[in-house]
Amino acid sequence: MGKSVAGGQFLTREISPEEIFIPEDFTREHKAIAKSVKEFIVGELQSRGDEIEHVNNELSRLLMKKAGEIGLLAADVPEEYDGMALDKISSLIISDKLGEGAGSFTITELNHTGIGTLPLVFFGTKEQKAKYLPGLSSGELIGAFGLTEPDAGSDALNPRTTAVLSEDGSHYLINGTKCFITNAGFADLIFTFAKVDGEKFTAFIVEFNSPGLTVDAEENKMGMKGTSTRSVIFNNVKVPAANVLGEVGRGSVVAMNALNMGRFKVGAVSMGNARNTFGEAVRYSRQRVQFGRSICTFGMIQEKIGMMVAKLFAGESMMYRTAKMIDDMIKHGPMSTSDIGGATAAGLEEYLIECSIMKIFGSETQGYVADQSIQIFGGYGYIYENPAELSFRNGRINRIWEGTNEINRLTIANTLFKRLVKGRLEMETDLDALRSGLKKLESVNQDDGGLELPGQMLVVGKRITGYVVGLLRHRFGNSLGAEQELAGILSDMLIEVYAFESAYLRAGRLTSGKKSRNGEIAVQIVRYLGCCLYDRLTSLINRAIPAISDADSVYDALLPVSGVLSPPPVDTIRLLREIADDCVEKKGYPFKLV
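A quick note: this is a predicted structure, and the numbers were derived from the prediction, not measured.

Visitor: What should I look at first to understand the overall build of the protein chain in this one?
Guide: Check the secondary structure of the protein chain and you find 18 helices and 10 strands. In terms of overall size, the protein chain behaves like a compact globule, its C-alpha atoms giving a radius of gyration of 24 Å where 594 residues would be expected to give roughly 25 Å. Projected onto its principal axes, the C-alpha positions of the protein chain cover 75 × 60 × 40 Å. For the protein chain, the share of sequence-separated contacts (at least 6 apart) that also reach a separation of at least 24 residues comes to 78%. As displayed, the protein chain offers around 23,800 Å² of accessible surface, 49% of which is attributable to carbon and sulfur atoms. With 65 positive and 74 negative side-chain charges, the protein chain shows a separation of 3 Å between the mean positions of the two kinds.

Printed below as a string of structure tokens:
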């Protein structure tokens, strides 16, 4: 595998299977990390049963210290501050495996190691890092992140919280309220944001024992009931000027980079949870007998199992592919050796589109799998703390925090347009050239039973998505502005292409060389996903083009697409049955390695 392609370039470049990282590439160290997380879950979490799903801040602090003792809190912290400086694949494995079985504690840990630590890793001074990072790495200190306010949710960069510099310049007085703050009931530090002089959005490090800082009662939530979630109130809280994080007026840079890593990890947590829930549903379907046979032999149950595992395979494939690209950017980027925190932030910024895709796809896959698993469990699935019920309730928040999925969809589309304007992403947007290119493509109508068909479908999917980008630029110029619906449609097209390509490339690896294990079932999944890609793109385009084009030109705009986006004759019912049979035989997710 060579150096990674640039962020967003998956749409414009042909990528070979050898260029990507897949879970089957895990090293011994990666597998050892996964094993240690699973041992922690079994030894410290599952043994406590239902206690984990009820707020107990003393227990949470104890468990965080235990997690710190085995290095689970130090993965992304530089070694000079008692961290482990692991690669992003390893960091992702920790979140993935916690998502599989840590319940509410997953978010306690995720919030601390992500947005509760990384702002300092990315933007702290040497003095700030030396003072706080060792404690955050060990669990002696607990971090929190305060951005959301009662009147500033998705519009988080326009807070009412203020910070006024003292006359002697020694400290700031902060006033305001932050809400929905994870870990607030037992945290020691909060990275929070306020406007200096009413306009300079700025990040601060604030200690919870500061006079004037108080917290409200615990929120009574739908799910993640074992996490602490409170409002934090600042009433003339005196914060040393030395605790400004980054630069005055540059708080948005701190917030967005921290949230980007959070999105990266939320996707992993969601996929881990979905994989575990899926396994429970498959095992139940084997045991549950109705009408004299196991329900896993019924066609509609097989269909659910097949559809779920296809989404899991695609999500997992893109997740670890993205992690390796970020690792390569850190290693080969302009800040590769001098500043690991800055290099990581740069890598995350480069793959802003991919990280947002991971967050959306992971969280929505988790919701889908939880919902379908409840259906497989039937009435038992609706009973409190059945694995599927708990997954459904706990996972719903993943589509809201770290930027709602709607905000992330806008981020994907707007980032693509900005990079086209700046020349960071080279892409043909001339309509005549795009139409000519589509006319040269042939509709895919031959099925060889292997990967040739999905490969052709991928080419068509990329070209058609590029065509829609061209139509949007022709109509709206360099910005989609208020056209949120169209931004969402474009983002969904990019999500479908990136997910499908990731699955396709992984299947290519699994059917070549030494990595032939599960290759046949991977091919079946990708062939099914190719049909899903065409169905989804057809639906999205039929919504988008009438909104982009003038009434008298809609037909002309649709004509180049209709010529190539015709579904091939693939028996998806048979494919899903075969995929489901493999999952049932293996008692869960067939690609699970650790």
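Visitor: In this structure, what is going on with the side chain of Thr229? I would like to understand it.
Guide: Structurally, the position occupied by Thr229 is in strand E7 (residues 229–240). With near-sequence residues (within four places) excluded, Thr229 lies in contact with Phe180, Ile181, Ala217, Glu218, Glu219 and Lys221.

Visitor: Mind showing me how you'd approach helix H18 (residues 572–585) here?
Guide: Along an α-helix, a turn takes 3.6 residues, which lines up residues three or four apart on a common side. Helix length check: H18, at 14 residues, gives a terminal C-alpha distance of 20 Å against a target of 20 Å (1.5 Å per residue), a fit within 8%. Along H18, the residues classified as buried are Leu575, Leu576, Ile579, Ala580, Asp582, Cys583 and Val584. Contacts made by the buried residues of H18 are with helix H7 (251–287), helix H8 (299–332) and helix H16 (519–548). Where H18 starts, the residue carrying a side-chain oxygen 3.3 Å from the main-chain nitrogen of Ile573 turns out to be Asp571.

Visitor: I'm lost on the packing of aromatic side chains in this one. Help?
Guide: Each aromatic ring pair is specified by the distance between its two centres and by the angle formed by the two planes. Tallying each qualifying case throughout the model produces 13 aromatic pairs. Three or more aromatic residues link up through ring pairs in this structure, and these residues are Phe21, Phe26 and Tyr320. Here the guanidinium or amino end of Lys311 rests over the ring plane of Tyr368, the centre of that ring lying 5.2 Å away.

Visitor: What is the right way to look at unusual backbone geometry in this model?
Guide: Trans peptide bonds make up the majority, and among non-glycine residues the majority have a negative phi. Of note in this structure, Asp82 is not a glycine but carries a positive phi near 65 degrees. Here Asp82 shows up in the loop between helix H2 (57–69) and helix H3 (88–101). Among the residues examined, Asp82 registers a relative accessible area of 54% and is labelled exposed. Even without being glycine, Phe291 reaches a positive phi, approximately 55 degrees. With respect to the helices, strands and loops of the structure, Phe291 is situated in the loop between strand E9 (289–290) and strand E10 (293–294).

Visitor: Any chance you could explain the packing of H7 against H18 here in plain terms?
Guide: Between two packed helices, both the angle of their axes relative to each other and the distance between the axes serve to describe the pair. For the pair H7 and H18, interaxial distance at closest approach is 9 Å and the crossing angle is 90 degrees. Classed by the angle they form, the pair H7 and H18 counts as roughly perpendicular. Touching Phe278, Val282 and Arg286 of H7 are Cys583, Val584 and Glu585, all from H18. In the contact of H7 with H18, the residues fall into four nonpolar, no polar and two charged.

Visitor: What should I look at first to understand the pattern of salt bridges in this one?
Guide: Evaluated as defined, the whole model comprises 32 salt bridges. A salt bridge links Asp328 to Lys324; the nearest nitrogen and oxygen atoms lie 2.7 Å apart. Here Asp328 and its partner Lys324 are both found in helix H8, four residues apart, which amounts to about one turn of the helix. For the residue pair Asp328 and Lys324, the accessibility class agrees, reading buried in each case. For the salt bridge of Lys586 with Asp582, the shortest nitrogen-to-oxygen distance reads 3.2 Å. Residue Lys586 is classed as partly exposed on the basis of its relative accessible area of 37%. The class for Asp582 is buried, based on a relative accessible area of 15%.

Parameters and conventions
Residues numbered from 1 in each chain as written. Predicted model: local features only at pLDDT ≥ 70, side-chain atom pairs only at ≥ 80, totals over all residues. Heavy atoms only, no water. Helix = DSSP H or I, 4+ residues; strand = E, 2+ residues; numbered from the N terminus. Rg over C-alpha atoms; globule rule 2.2 N^0.38 Å. Contact = heavy atoms within 4.5 Å. Areas by Shrake-Rupley, 256 points an atom, 1.4 Å probe, with all protein chains shown as cover. Lys, Arg positive; Asp, Glu negative; His and termini not counted. Charge placed at Lys NZ, Arg CZ, Asp CG, Glu CD. Expected span 1.5 Å × (residues − 1). Buried < 20%, exposed > 50% of the residue type's maximum accessible area, 1.4 Å probe, protein only. Polar contact = N/O pair within 3.5 Å; in protein donor to acceptor, adjacent residues only side chain to side chain. Phe/Tyr/Trp six-rings, centres within 6.5 Å; stacked < 30°, edge-to-face > 60°. Lys NZ or Arg CZ within 6 Å of the ring centre and 35° of its normal. Axes fitted to C-alpha atoms, helices over the stretch in contact; angles between N-to-C directions. Parallel < 35°, antiparallel > 145°, perpendicular 65-115°, else oblique. Nonpolar A, V, L, I, M, F, W, Y, C, P; charged D, E, K, R; others polar. Salt bridge = Lys/Arg side-chain N within 4 Å of Asp/Glu carboxyl O.

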